[in-house]
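Notes for the structure review
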Amino acid sequence: MSDRDNTAESRPAYWIDGTRLEAPRLEPGLYIVATPIGNLGDMTLRGLATLAAADAVACEDTRTTRVLFERFGLRSRLVAYHEHNADKMRPRILDMLAEGKAVALVSDAGTPLVSDPGYRLVAEAAAAGHAVVPIPGASAMLAALVTAGLPTDTFLFLGFLPVKAGQRRRRLEEIGRIPATLVVYEAPHRLVECLADMVEILGVDRPATVARELTKRFETVRRGTLGTLHDEFAAADAIRGEIVVVVGPPATATVEIDIDAALAEALSRLSVKDAAEEVAKIAGKPRREVYARALELKKAGDGPR
């Protein structure tokens, strides 16, 4: 083999279906590279070229990223960068950038910085004057949003809701009336209780979609209302995989009414619970919010005159 062949073989490259493709040289900087959320065929050509040419690839778990590397014949240096070693590794990566190197940042799946702590590295790299280059690609959030069949003109990504029930409910109450489609990541073992809280706070008839294992072999997408979806998954034998819950925006055709007047009339003939439910439905307001106001009015009405 000639020296020329040796030089060619040493150039950064990646492989697709048995074909070797050379990667162009990268300018110094931090490259934010999206990777597949399940199906490795979703990896972009630009992403592959970037990973092949990077001086180092910072990843959450080297074992997970190595699967991608083996599929496409990538040979760049892998360094672990995750929430447990970030304080130690971040200065080292910044040093690499200061030396004029190209460093790629990936997460275990999808787009880095979406519901993970990589933003600190990006912020410090940018503050130090280094180029930060996005290499877009797969995202579970966007994949779920576009398949949900719900409005996409305005949406709010919430990441993972709080694990503790009380905190989760308070968070839902804070964002429940925002006129936007909500996108939430959830663990399979918490899905049913999360849907139950959504039913109580956002409304049983609010349209929603639960997307599971997107792009993978057992991908499932269930559409309905929060009530029907809760009942479906509550009856399931087991829930596995990565889950995205998409909830449609609150109804826009709400009736503008005097809540206090409507509650006063309803309380004259119904219990507090039933009065709150009736008025909440008419006004398009969260039941918990109307129920709390009904209790205040009931207490005031029963007091000294």
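All values reported here derive from a predicted model rather than from experimental measurement.

Conventions adopted
- Residues numbered from 1 in each chain as written.
- Predicted model: local features only at pLDDT ≥ 70, side-chain atom pairs only at ≥ 80, totals over all residues.
- Heavy atoms only, no water.
- Pairing = 2+ DSSP bridges.
- Helix = DSSP H or I, 4+ residues; strand = E, 2+ residues; numbered from the N terminus.
- Axes fitted to C-alpha atoms, helices over the stretch in contact; angles between N-to-C directions.
- Phe/Tyr/Trp six-rings, centres within 6.5 Å; stacked < 30°, edge-to-face > 60°.
- Buried < 20%, exposed > 50% of the residue type's maximum accessible area, 1.4 Å probe, protein only.
- Lys NZ or Arg CZ within 6 Å of the ring centre and 35° of its normal.
- Core = buried A, V, L, I, M, F, W, Y, C linked by side-chain atoms within 4.5 Å.
- Contact = heavy atoms within 4.5 Å.
- Parallel < 35°, antiparallel > 145°, perpendicular 65-115°, else oblique.
- Left-handed = near helix turned anticlockwise from the far one by under 90°.
- Nonpolar A, V, L, I, M, F, W, Y, C, P; charged D, E, K, R; others polar.
- Salt bridge = Lys/Arg side-chain N within 4 Å of Asp/Glu carboxyl O.

What follows concerns the sheet that holds strand β10 (residues 207-212). Read across the sheet, five strands follow the order β8-β9-β12-β10-β11 without closing on themselves; strand pairing throughout is mixed. Looking at which strands have only one partner, the edges of the open sheet turn out to be β8 (155-160) and β11 (220-225). Neighbouring strand axes in the sheet, compared pairwise and without regard to direction, differ in orientation by 15 degrees on average. Of the strand pairs in this sheet, β8 and strand β9 (residues 181-186) are connected by four bridges, and their pairing is parallel.

Once that is clear, we can look at the packing of aromatic side chains. The description of two aromatic rings rests on the distance between their centres and on the angle between their planes. Applying the stated criterion to the full structure yields two aromatic pairs. Ring centres of Phe157 and Tyr185 lie 5.0 Å apart, and the angle between their planes is 70 degrees; on these two criteria the pair is classed as edge-to-face. Within this pair, whereas Phe157 is found in strand β8, its partner Tyr185 is found in strand β9, the two being separated by 28 residues in sequence. According to the relative accessible area criterion, Tyr185 is buried, its value standing at 11%. With a centroid separation of 5.7 Å and an interplanar angle of 65 degrees, the aromatic rings of Phe160 and Tyr185 are classed as edge-to-face. Pair noted here: Phe160 is in strand β8 and Tyr185 is in strand β9, with a separation of 25 residues, a long-range link. Residue Phe160 is classed as partly exposed on the basis of its relative accessible area of 46%. Members of the aromatic cluster, each reached through a chain of ring pairs, are Phe157, Phe160 and Tyr185. For the cation-ring pair, Arg287 lies above Tyr291, with the distance from its terminal atom to the ring centre recorded as 6.0 Å.

Here the focus is the nonpolar core. Among the nonpolar cores identified, the biggest contains 23 residues, and Tyr31, Val33, Met43, Leu51, Val57, Leu74 and Ala104 are the most heavily contacted of them. Leaving out residues up to four positions away in the same chain, Met43 has contacts with Val33, Ala34, Thr35, Pro36, Leu48, Leu51, Leu68 and Phe72. The next biggest cluster of nonpolar side chains, apart from the first, holds 21 residues, and it includes Leu161, Ile175, Leu182 and Leu202.

A few words now on the sheet that holds strand β3 (residues 29-33). Reading across from one edge, β5-β4-β6-β3-β7 is the order of the five strands in this open sheet, with parallel pairing throughout. The open sheet has two free edges, formed respectively by β5 (78-80) and β7 (132-135), since each of these has just one partner strand. Strand-to-strand twist across the sheet, computed as the mean angle between neighbouring axes with direction ignored, equals 25 degrees. Sheet topology places β3 next to strand β6 (residues 102-105); four bridges connect them, and they run parallel. For Leu30, the partnering residue across the bridge sits in β6 and is Val103. Each of β4 (56-59) and β5 touches helix α3 (residues 62-72); the most contacted strand, β5, lies at about 155 degrees to it. Lying over the sheet, helix α4 (residues 86-98) contacts β3, β4, β5 and β6, oriented at roughly 140 degrees with respect to β6.

Attention shifts here to the packing of helix α7 (residues 165-175) against helix α8 (residues 191-202). Look at α7 against α8: their axes get within 10 Å of each other, and the N-to-C directions meet at 40 degrees. Our classification of the angle between α7 and α8 gives oblique. Here the hand of the crossing between α7 and α8 comes out right-handed. Facing Ala165, Arg168, Arg169, Leu172 and Glu173 of α7, the residues of α8 in contact are Glu193, Cys194, Asp197, Met198, Ile201 and Leu202. Residue classes in the contact of α7 with α8 are distributed as six nonpolar, no polar and five charged.

What follows deals with the pattern of salt bridges. Going through the model one piece at a time under the given rule, you end up with 21 salt bridges. Among the salt bridges present, the one from Glu174 reaches Arg171, with a minimum N-O distance of 3.3 Å. Of the two residues, Glu174 and Arg171 are both situated in helix α7; the distance of three residues between them amounts to about one turn of the helix. With a relative accessible area of 32%, Arg171 lands in the partly exposed category. One network of salt bridges, in which partners are shared, links Arg168, Arg169, Glu193 and Asp197.

Shape descriptors only; they carry no functional weight alone.
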